[in-house]
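Spelled out from the first residue to the last, the chains are:
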Amino acid sequence: MNVDEAKVILIEVIESALEGKATVSEDMQLIGGDTLLDSMKLVEVCLALEDIADERGFEFIWNSEAAMSKSRSMFRTVTTLAEEFSSQSEG
Amino acid sequence: MIVVTGASRGLGEAICHRLLEKDERVVGLARSANALEFEGISCDVGDYQSVKSAARQIRKIGERVDAVINAAGVASMNLAVTTDEATVQKVIQTNLVGTIFCCQLFAPILLRQKSGAFINFSTIAVALALKGESVYAASKAGVEAFSKTFAREMADFNVKVNCIAPGPIRTDLLRGITDAQIEKITSQQVISRQFEKSDVCDVVELLIDAKASSLSGQVFHIGGV
């Protein structure tokens, strides 16, 4: 899965988690002060990505130490998460 | 389906048998699942990868998980100053870290369902600060604090988290404890007698019943304190 496809999937998942109350952009912040996603919504997003990964035959690992570190985290923005999701899909 | 850790002996085993009598599907987790008389998965709760593998296997079964009962535990009846390093590590790792691992790694199943319950185990030793059980009490005090907070984290997903804190129940954990010592403990309970494994099973049944849907973040002391 390339990054663009991953972005489409991710934006759809996040908009679903936000119940359509906001439009999601590629540079939207996922963690930190200005994010629209609280911690439990982020968990919902991760579970949805886990399910999608499962359907596509790979395991999406999101709760590692690197993932949770704000400075290095895959959760900084929609783009960084999509890049990680794409990368993990390619093993 | 109900998942029970520590299924090979003591309270975990008793809980499994009680739930099986009630026609529940029970999957027991134990280090030696082959020795179980019922459906089981080998799992060392203190080992993250082992719990992760067990959770993956449970998820693959594809049935609703109504409850995860974290009954796995070890005890240490010694003064803190005479407890060796390995025992300290083992007690904390199995009782506290093991409970946390099981809650973390089984939570995604229950979160997806938006239903279910975790039941964790503490001990009367926390409330009574029992001499000779400081390391054990420390591990279980951690379980209580974790459970109360985890309950708040799970509440929005309709997942309940509670603790049961038994007094001295006749299991291997009480090996070497005299009747006099037991009476000294039970005399401090609201109901001053020794309770049985079946009493603990009764409370487990209550907490997994739909009628307990208003209860979360609580510690239920068998016999009261």
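Here we summarise the structure given alongside this text.

A short note on the interface of chain B and chain A
Listed as interface residues are ten residues of chain B and, on the opposing side, nine residues of chain A. Across the chain B-chain A interface, the total number found is six salt bridges. Across the pair Lys-52 of chain B and Glu-59 of chain A runs a salt bridge whose closest N-O atoms are separated by 3.7 Å. One can count five residue pairs in polar contact (both at pLDDT 80 or more) joining chain B with chain A. When residues of the side of chain B that touches chain A are traced back to their parent elements, those giving at least two are helix H2 (48–61), helix H3 (85–113) and helix H5 (134–155) of chain B. No other element matches H2 of chain B, which puts four residues into the side of chain B that touches chain A. Split into classes, the residues belonging to the side of chain B that touches chain A amount to five nonpolar, no polar and five charged.

Brief notes about the nonpolar core
Judged by nonpolar contacts, the single largest core of 64 residues is most densely connected at Ile-14 of chain A together with Phe-106 and Phe-118 of chain B. Elements with a contribution of two residues or more to this core: helix H1 (3–17), helix H2 (39–55) and helix H4 (78–89) of chain A together with strand S2 (26–30), H2, H3 and H5 of chain B. With ten residues, the single largest contributor to this core is H3 of chain B. Beyond its immediate chain neighbours, meaning those up to four positions away, Phe-106 of chain B contacts Val-3, Leu-29, Val-51, Ala-54, Ala-55, Ile-58, Val-68 and Phe-118 of chain B. Residues Ala-14, Val-26, Ile-69 and Val-200 of chain B belong to the second largest nonpolar core, which totals 28 residues.

Examining the pairing of strand S5 (residues 117–121) of chain B
Residues and elements named next belong to chain B. Where burial is concerned, most of S5 is hidden: five out of the five residues are buried. Burial along S5 is two-sided: the face carrying Ala-117, Ile-119 and Phe-121 and the face carrying Phe-118 and Asn-120 are both buried. Inspection of the sheet shows strand S4 (residues 67–70) paired to S5 by four bridges, in the parallel sense. Residue pairing in the sheet places Ile-69 in a bridge with Ile-119 of S5. Regarding the hand of the β-α-β motif, the stretch spanning S4, H3 and S5 is right-handed. Across five bridges, the pairing between S5 and strand S6 (residues 160–165) is parallel. For Phe-118, the partnering residue across the bridge sits in S6 and is Val-161.

Cut-offs used in this document
- Residues numbered from 1 in each chain as written.
- Chains lettered and ligands numbered in written order.
- Predicted model: local features only at pLDDT ≥ 70, side-chain atom pairs only at ≥ 80, totals over all residues.
- Heavy atoms only, no water.
- Contact = heavy atoms within 4.5 Å.
- Salt bridge = Lys/Arg side-chain N within 4 Å of Asp/Glu carboxyl O.
- Polar contact = N/O pair within 3.5 Å; in protein donor to acceptor, adjacent residues only side chain to side chain.
- Helix = DSSP H or I, 4+ residues; strand = E, 2+ residues; numbered from the N terminus.
- Nonpolar A, V, L, I, M, F, W, Y, C, P; charged D, E, K, R; others polar.
- Core = buried A, V, L, I, M, F, W, Y, C linked by side-chain atoms within 4.5 Å.
- Buried < 20%, exposed > 50% of the residue type's maximum accessible area, 1.4 Å probe, protein only.
- Pairing = 2+ DSSP bridges.
- Right-handed = clockwise from strand over helix to strand, strands pointing away.

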